[in-house]
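Residue strings, one per chain:
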Amino acid sequence: MATRVAIFAGTHWIVGLLHTDNRRLNEVANDRSSEFFSLTDAHVHAEPDLTQALTMLPRIVVPKSAVTLIASLEDRHEAPDKRRTYLQRKLAFPVFVTVPGTEVLGHMHLSARLDPIALLSRLAAEGSLFFAVSDADVIQLPRLGGGQLAPVVLIARALVTGCYLADAPS
């Protein structure tokens, strides 16, 4: 199974198919057995004109350490059916996150509200390289062929430059 994604790395956006092997993007991103994302049918873009690809490649490999964020460009839920039926009850808290080169506005699904410092500290303690924001607005995605909102955006925890988490779920 492949998921169409947009990866922001350095100053480039790479749009292509990420083969997930029936795993969630979050599981692929946080899988420590691989240090790379491998995309097929890739289009490489650079600011300011994201509507035109600089080049199209049959395959490109991107080191996870170079990735600021990865966004699903699918309009379907990305979790496998088995996983979707075992979801834990969580609340959707509005979140605004800044990273170098862009901002993400969306929701984080948490059992209870955490202070942003506690949240980022917990993610670091768990060893999470990336964390998920759902129903995410990233200004560049529509110009890359995505919708107004991405079903999920994974943000590199170590590259967060600012984080706001609402006091109450929406």
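Okay, so let's go over this structure.

Parameters at a glance
Residues numbered from 1 in each chain as written. Predicted model: local features only at pLDDT ≥ 70, side-chain atom pairs only at ≥ 80, totals over all residues. Heavy atoms only, no water. Phe/Tyr/Trp six-rings, centres within 6.5 Å; stacked < 30°, edge-to-face > 60°. Helix = DSSP H or I, 4+ residues; strand = E, 2+ residues; numbered from the N terminus. Buried < 20%, exposed > 50% of the residue type's maximum accessible area, 1.4 Å probe, protein only. Pairing = 2+ DSSP bridges. Axes fitted to C-alpha atoms, helices over the stretch in contact; angles between N-to-C directions. Contact = heavy atoms within 4.5 Å.

Moving on, we get to the packing of aromatic side chains. The full count for this structure, using the stated rule, is two aromatic pairs. For the pair Phe 8 and Trp 13, a centre-to-centre distance of 4.7 Å together with 20° between the ring planes defines the contact as stacked. Seen from their ring centres, Phe 37 and Phe 130 are 6.0 Å apart, and the 65° between their planes marks the pair as edge-to-face. A residue pair is termed long-range when its members are at least 10 positions apart, and Phe 37 in strand β3 (residues 36–46) and Phe 130 in strand β8 (residues 130–137) qualify at 93 residues. For the pair formed by Phe 37 and Phe 130, the shared burial category is buried.

Glancing now at the sheet that holds strand β2 (residues 12–19). With antiparallel pairing, the ten strands of this open sheet are ordered in space as β4-β3-β2-β1-β5-β9-β8-β7-β6-β10. The sheet is open, and its two edges are formed by β4 (55–63) and β10 (162–165), each paired on a single side. With direction set aside, neighbouring strand axes in the sheet form an average angle of 35°. Strand direction decides the pairing type here: β8 and strand β9 (residues 150–156), joined by six bridges, are antiparallel. Of the residues in β9, the one forming a bridge with Ala 136 is Ala 150. Against the sheet, helix α3 (residues 116–126) contacts β7 (102–110), β8 and β10, and its axis sits at roughly 115° relative to β10.

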